[in-house]
Amino acid sequence: MIALQTAATAGLTRIGLQSAQAVEPAAVETAPAIVVGSGYGGAVAALRLGQAGITTLVLEMGRLWNTPGTDGKIFCSTAAPDKRSMWFKTRTEAPLASFLWLDVVNKDITAYPGALDRVHYDNMSVYVGRGVGGGSLVNGGMAVTPLQSYFAEQFPTVDATAMYGTYFPRARTMLGVNTVDPTWFESTEWYQFTRTSRKAATNTGLKTTFVPNVYDFGYMQQEAAGTATKSALAQEVIYGNNYGKKSLDKTYLASALGTGKVTIHTMEKVKAVTRASDGSYVLTVDRIDDTGTVVETKQYSCTYLFLGGGSLGTTELLVRARETGTLPALNSSVGAGWGPNGNTMVGRANHIWDTTGANQSTMPVMGIDDWANTDNPVFAEIAPLPIGFETWVSLYLAITKNPQRASFTYDSASGTVKLGWTAAQSAVSVAMAKKLFDRINSANATLYRYDLFGSTSKVFADDFCYHPLGGCVLGSATDNYGRVKGYSKLYVTDGSLVPGNIGVNPFVTITALAERTLERVLAEDF
Ligand code: FAE
């Protein structure tokens, strides 16, 4: 266990807690408020509760990433993954499984509580971040605000004017969103891959758009100039960035600890939630060590419980609570409305003269925006393939408007949940992505790459996603502000509120919705 004392003290060196106080609150077993998880939804809850003067305990199953390994680095790169890369795996499970059909991407590693997890369900596996900061530790930093019209379509009961006037701007400011300097972008070798993809899109008559990011582009320019230690320009991303990225441990969570009211316990996984007769919530929590062994099972109690375990974590906890009878009044919408944000990954082979560059920044800065095409709405992020040599590959993460949704069900034999997503549901995303990329290939006389996703002929990676959304959808499993139906003082603040699809990369939306929830709940429920 790393209690706040350790976390914040260590954080003073690593995460520069500008506003941290010297005196830390005592560790608590009973807290007025507990937050499960320290990703976007959890971090917003922790900060706003702390600022309101409410003593708050955050329980996070992953590590605090603040201790350098023998190489002097906290995180490992995608080029040289080691035990720090993945959550208790003995071999890495990178999204790109092969290159030229060769099994050269993944490496054997020692099982360890690494930063990136790949959670396997029958027809879909889901990438999630583990550690203080959740997904912010491992993601591509793309900080995209959805189209207001699509947000309104997905959240008809939410006041979109307030979201776009107040909560989205608040989230962007807090997250440290910035944009690449367009002049530098046009000239640097590090974004040649993006310019080549843009050219192919433009030849097809498609619109491209710059997307903001939470990676500090000023820092990236220094990396390129050789005056700062490289991170995004050194193949660091899905296993963590050592520099440059404003992950939540540097923003919301640093400020939350700085209130002096927030404690973070790491390596503690919440297993079960029940309600005591006095109305307080009682959590059963496994504390694990670096081998994954449960070294202690603890109980915590609180008056207010905020669930920020992410779409998978929160939904699993609540489905289990309903099905095992510990929170029997949860409604049937708990576990429903899940989708992978239409995620499909695909690679194209460029002509020999359309190079993508050996040097590629790991932070995407542009997308092909064909969302307005009502026949086939797709937003495709232009993704890097930072492997250090010329590949002529243009890689994309397509976000398609796939209307398919799935539910989680409780499996009493294993005590876990199953996800009912089917291969046919993924095929809907693939068909949409294919329509768009067939157009691009046809306009450019180019082909797909068949060698990147493990099997001999797989063009579209339809069996994994980066953007799990839903499971406790706003307005169905909860009220219009994330209050769980059937239970007072129980809240969902994370990606499980988003109904399966938001059309762009989701963390700005998750953060903004959490800001809206916390503002309302603090005003009305405390
Ligand atoms: P999340 O950030 O997943 O945090 C949940 C936290 O709760 C984690 O730290 C868990 O370890 C912890 N947890 C879960 N269950 C428990 C439990 N029972 N007990 C204790 N702790 C628990 O949730 N999104 C973008 O917008 N832009 C991008 O560029 C982007 N790129 C991505 C790239 C990758 C490789 C991945 C994996 C994701 C990417 N995403 C991106 C998605 C984004 O990171 C994700 O939507 C958010 O992190 C979800 O935020 P939540 O607060 O829902």
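Residues numbered from 1 in each chain as written. Predicted model: local features only at pLDDT ≥ 70, side-chain atom pairs only at ≥ 80, totals over all residues. Heavy atoms only, no water.

1. What to know about the UniProt feature "domain: Glucose-methanol-choline oxidoreductase N-terminal" (unreviewed entry) in the protein chain
The UniProt entry lists residues 129-152 under the feature "domain: Glucose-methanol-choline oxidoreductase N-terminal" (unreviewed entry), expressed in the numbering used here. For residues 129-152, the end-to-end C-alpha separation is 28 Å, with 21% helix and 4% strand making up the annotated structure. (UniProt positions renumbered as here; feature names shortened; annotations may be inferred. Helix = DSSP H or I, 4+ residues; strand = E, 2+ residues; numbered from the N terminus.)

2. A few points about the packing of helix α4 (residues 160-175) against helix α11 (residues 507-524)
Two numbers describe how α4 lies on α11: the axes approach to 8 Å, and their chain directions differ by 115 degrees. Classified by the angle their axes make, α4 and α11 are roughly perpendicular. In the crossing of α4 with α11, the sense of the turn from one axis to the other is right-handed. Contact with α4, carried on its side by M163, Y167, F168, R170, A171, R172, M174 and L175, involves F507, V508, T509, T511, A512, L513, E515, R516 and E519 of α11 and no other residues of that element. (Axes fitted to C-alpha atoms, helices over the stretch in contact; angles between N-to-C directions. Parallel < 35°, antiparallel > 145°, perpendicular 65-115°, else oblique. Left-handed = near helix turned anticlockwise from the far one by under 90°. Contact = heavy atoms within 4.5 Å.)

3. Some details on unusual backbone geometry
The backbone phi angle of M267 is positive, close to 60 degrees, even though this residue is not glycine. Of note, M267 is situated in the loop between β6 (262-265) and β7 (268-275). Among the residues examined, M267 registers a relative accessible area of 8% and is labelled buried. The backbone of A445 sits at a positive phi, close to 50 degrees, despite the residue not being glycine. Summarising the element assignment, A445 is placed in the loop between α10 (423-444) and β17 (447-448). Exposure remark for A445: the relative accessible area of 57% places this residue in the exposed category. (Buried < 20%, exposed > 50% of the residue type's maximum accessible area, 1.4 Å probe, protein only.)

4. Observations concerning α11
In this model α11 runs 26 Å from its N-terminal to its C-terminal C-alpha over 18 residues, within 8% of the 26 Å that 1.5 Å per residue would give. Along α11, 13 of the 18 residues are buried, which leaves the element largely enclosed by surrounding structure. (Expected span 1.5 Å × (residues − 1).)

5. Digging into the site of the ligand
Residues in close proximity to the ligand total 36 residues, the closest being E60, G135, M142, G495 and F507. Between the ligand and P506 there is a distance of 3.1 Å, counted from an oxygen atom to a backbone nitrogen or oxygen. Taking 990 Å² as the accessible area of the ligand by itself, protein coverage stands at 96%. Ranked by residue count, the leading element in the shell around the ligand is β7, at three residues. Grouping the amino acids of the shell around the ligand by side-chain chemistry returns 13 nonpolar, 18 polar and five charged. (Near = heavy atom within 4 Å. Polar contact = N/O pair within 3.5 Å; in protein donor to acceptor, adjacent residues only side chain to side chain. Areas by Shrake-Rupley, 256 points an atom, 1.4 Å probe, with all protein chains shown as cover. Nonpolar A, V, L, I, M, F, W, Y, C, P; charged D, E, K, R; others polar.)

6. Describing the sheet that holds strand β3 (residues 116-120)
In spatial order, the strands read β3-β4-β19; together these three strands make up an open sheet with mixed pairing. Looking at strand neighbours, the two that pair on one side only are β3 and β19 (464-465), the edges of this open sheet. Note that β3 and strand β4 (residues 125-129) share five bridges and pair antiparallel. From the neighbouring strand, L116 faces β4, where its bridge partner is G129. (Pairing = 2+ DSSP bridges.)

7. A look at the layout of surface pockets
Considering only enclosed or pocket space, the second largest pocket measures out at about 240 Å³ in volume. In terms of lining residues, the second largest pocket is bounded by 16 residues, among which V144, T145, L147, D369 and V504 are the most central. Here the residues of the lining of the second largest pocket sort into twelve nonpolar, three polar and one charged. (1 Å grid on protein atoms, 1.4 Å probe; cavity = no way out; pocket = protein on both sides within 12 Å on 5 of 7 lines; lining within 4 Å. Points joined across faces, edges and corners; volume = space filled by probe spheres on them.)

8. Topic: a nonpolar patch on the surface
On the surface, L100, W101, L102, V104 and Y450 cluster together into a nonpolar patch covering about 510 Å² of accessible area. Within the secondary structure layout, W101 lies in the loop between β2 (56-59) and β3. W101 gets classed as partly exposed once you look at its relative accessible area, which sits at 46%. (Patch = residues over 30% accessible without salt bridge, like charges linked within 9 Å, V, L, I, M, F, W, Y side chains within 5 Å. Salt bridge = Lys/Arg side-chain N within 4 Å of Asp/Glu carboxyl O.)

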